Amino acid sequence: MEAWRRALDGPVSAFPIEKAGPAHIATLKTIDPPLAALEGRRLSGAQRRAKRLLFPTDDGELVLLVHLMTAGRLRYLPAGEKGPKTPAFRLRFQGGAELVLTEAGKKKRAGVWLLTPEEAESELAHLGPEALGLGAQRLGEILATESRRLHSLLRDQRVIAGIGRAWANEILHAARLSPYALSKDVTPEEVERLAAAIDTELERGLELRERGANDKRTYRVHTALDEPCYVCGTPIARVDFEEHTIYYCPDCQTAGRVLKDRRLSRLLR
Ligand SMILES: [Zn+2]
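Basis of the calculations
- Residues numbered from 1 in each chain as written.
- Predicted model: local features only at pLDDT ≥ 70, side-chain atom pairs only at ≥ 80, totals over all residues.
- Heavy atoms only, no water.
- Helix = DSSP H or I, 4+ residues; strand = E, 2+ residues; numbered from the N terminus.
- Buried < 20%, exposed > 50% of the residue type's maximum accessible area, 1.4 Å probe, protein only.
- Contact = heavy atoms within 4.5 Å.
- Areas by Shrake-Rupley, 256 points an atom, 1.4 Å probe, with all protein chains shown as cover.
- Lys, Arg positive; Asp, Glu negative; His and termini not counted.
- Charge placed at Lys NZ, Arg CZ, Asp CG, Glu CD.
- Donors = N, O, S within 2.8 Å, 3.2 Å for Na, K, Ca; no water.
- Pairing = 2+ DSSP bridges.
- Axes fitted to C-alpha atoms, helices over the stretch in contact; angles between N-to-C directions.
- Expected span 1.5 Å × (residues − 1).
- Core = buried A, V, L, I, M, F, W, Y, C linked by side-chain atoms within 4.5 Å.

**Q** Quick question: what am I supposed to make of the overall build of the chain here?
**A** Scanning the chain from terminus to terminus reveals 8 helices and 10 strands. Summarising its shape, the C-alpha atoms of the chain cover approximately 65 × 35 × 35 Å along the three principal directions. Counting the 269 residues in the chain, one finds 45% classified as buried. Considering only contacts within the chain whose residues lie at least 6 apart along the sequence, 59% involve residues at least 24 apart. Accessible surface, the chain: about 13,700 Å² in total, of which carbon and sulfur atoms supply 50%. Side-chain charges of the chain comprise 42 positive and 37 negative groups, with the mean position of each set lying 5 Å from the other.

Here it is, written out as structure tokens:
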């Protein structure tokens, strides 16, 4: 992301914006101010916060925020270079250069927000530190602050930014930790394992996505119900927890214990 930011910083500020859009309906997350508010303004450059790229206008009134998720790509096309026919989002600059967002696959997950600087600030204020490269020491501090089940904690963007439910499944499996384990019960050795699993799994995911791999090839545990665990061959199990479905290996992660549906047990209590 930092390499992209550097590559875009100069070019995006070279010319004022001539036309903002079109944007795919699932990609543009805001309606007010309208995209057309960007037209005639010049961007001051590219900034980065975790995985989000920020493009403030040089008059300080608007911020274009782009989140690429896993499959989004942002490219600067110099004048005359042919771009994709149906980008998820496009900015055309005076003189003909374009900033183009494309997303591989059918699912549109990447997002574009047009915000005031105050809105951008509050949008970013709640974000926890970026998951990739977090490290065992920082992770240990985070886990020690509150007692929560690991799967839920890992997915909470206010605590750690960048892990969704699929990667929470993959990471906990790679770390051989129960999704229901409480964050305060995790030993230092387990924290090391979890920090390492966050990096190796997210890096594995990025690499596969860059090569265009689909979900089936990317996930080894997530949605792999009854398929053999890639470590021990035990069929992958599934349990509903809060609003999410967790996938896990009962042998590698829970010492043979089958996790109970927390929602159901709550109802029965
Ligand atoms: Zn296993």
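**Q** What should I look at first to understand the coordination of the zinc ion in this one?
**A** In an ideal tetrahedron of four donors about a metal, each angle is 109.5 degrees. In an ideal octahedron of six donors, the angles are 90 or 180 degrees. At the metal site, the zinc ion is ligated by C229 (SG), C232 (SG), C249 (SG) and C252 (SG), and these contacts range over 2.3 to 2.4 Å. All donor residues of the zinc ion come from one chain, and their arrangement in sequence is C-x2-C-x16-C-x2-C. The exposure class of C249 is buried, given its relative accessible area of 0%.

**Q** I keep staring at the environment of L35 and nothing clicks. Help me out?
**A** Tracing the backbone shows L35 in the loop between β1 (17-23) and β2 (47-49). Classification of L35 by relative accessible area gives buried; the value is 12%. Residues L35 and A23, spaced 12 residues apart in sequence, show a C-alpha to C-alpha distance of 9.0 Å. Dropping the residues within four chain positions of it, L35 is found in contact with A20, G21, A23, L28, F89 and L114.

**Q** Can you walk me through the sheet that holds strand β5 (residues 72-77) in this structure?
**A** Whether parallel or antiparallel, the strands of a sheet pair through hydrogen bonds between backbone atoms. Spatially, β1-β6-β7-β5 is the arrangement adopted by the 4 strands of the open sheet, whose pairing is antiparallel. Two strands close off the open sheet at either side, each with one partner strand: β1 and β5. Averaged over all neighbouring strand pairs, the angle between strand axes comes to 15°, with direction disregarded. When β5 meets strand β7 (residues 98-103), the two strands line up antiparallel, connected through 6 bridges. Its bridge partner being in β7, L77 is matched across the sheet by E98.

**Q** Got a minute to help me understand helix α6 (residues 188-210) in this structure?
**A** In an α-helix, one turn spans 3.6 residues, which is why side chains three or four residues apart end up on the same side. Look at α6: 33 Å from first C-alpha to last across 23 residues, which is about the 33 Å you get at 1.5 Å a residue. Along α6, the residues that are buried comprise V191, R193, L194, A195, A197, I198, E201, L202, R204, G205, L208 and R209. As for α6, its buried residues are in contact with β5, α3 (136-145), α4 (150-155), α5 (165-174) and α7 (215-218). In the segment just after α6, G212 is the residue with positive phi, at about 85°.

**Q** Sorry, what's going on with the nonpolar core here?
**A** Side chains that are nonpolar tend, in soluble globular proteins, to be buried together. Counting 26 residues, the largest nonpolar core has L139, L154, I160, I163, I171, L194 and I198 as its most contacted members. At the level of secondary structure, the elements contributing two or more residues to this core comprise α3, α4, α5 and α6. A per-element tally of this core places α6 first, with 6 residues. Among residues more than four places away in sequence, those in contact with L139 are L134, I160, V191, L194, A195 and I198. With 25 residues, the next largest nonpolar core counts A20, L38, L99 and A110 among its residues.

**Q** Explanation requested: α5 in the structure shown.
**A** The element α5 is largely enclosed, with a buried count of 8 among its 10 residues. Within the sequence span of α5, burial applies to A166, W167, A168, N169, E170, I171, L172 and H173. One or two positions beyond α5, positive phi appears at R176, with a value near 55°.

**Q** Please clarify how the environment of P235 should be interpreted in this entry.
**A** Along the chain, P235 falls in the loop between α7 and β9 (237-241). Setting aside anything within four residues of it in sequence, one finds P235 in contact with D226, E227, P228 and P250.

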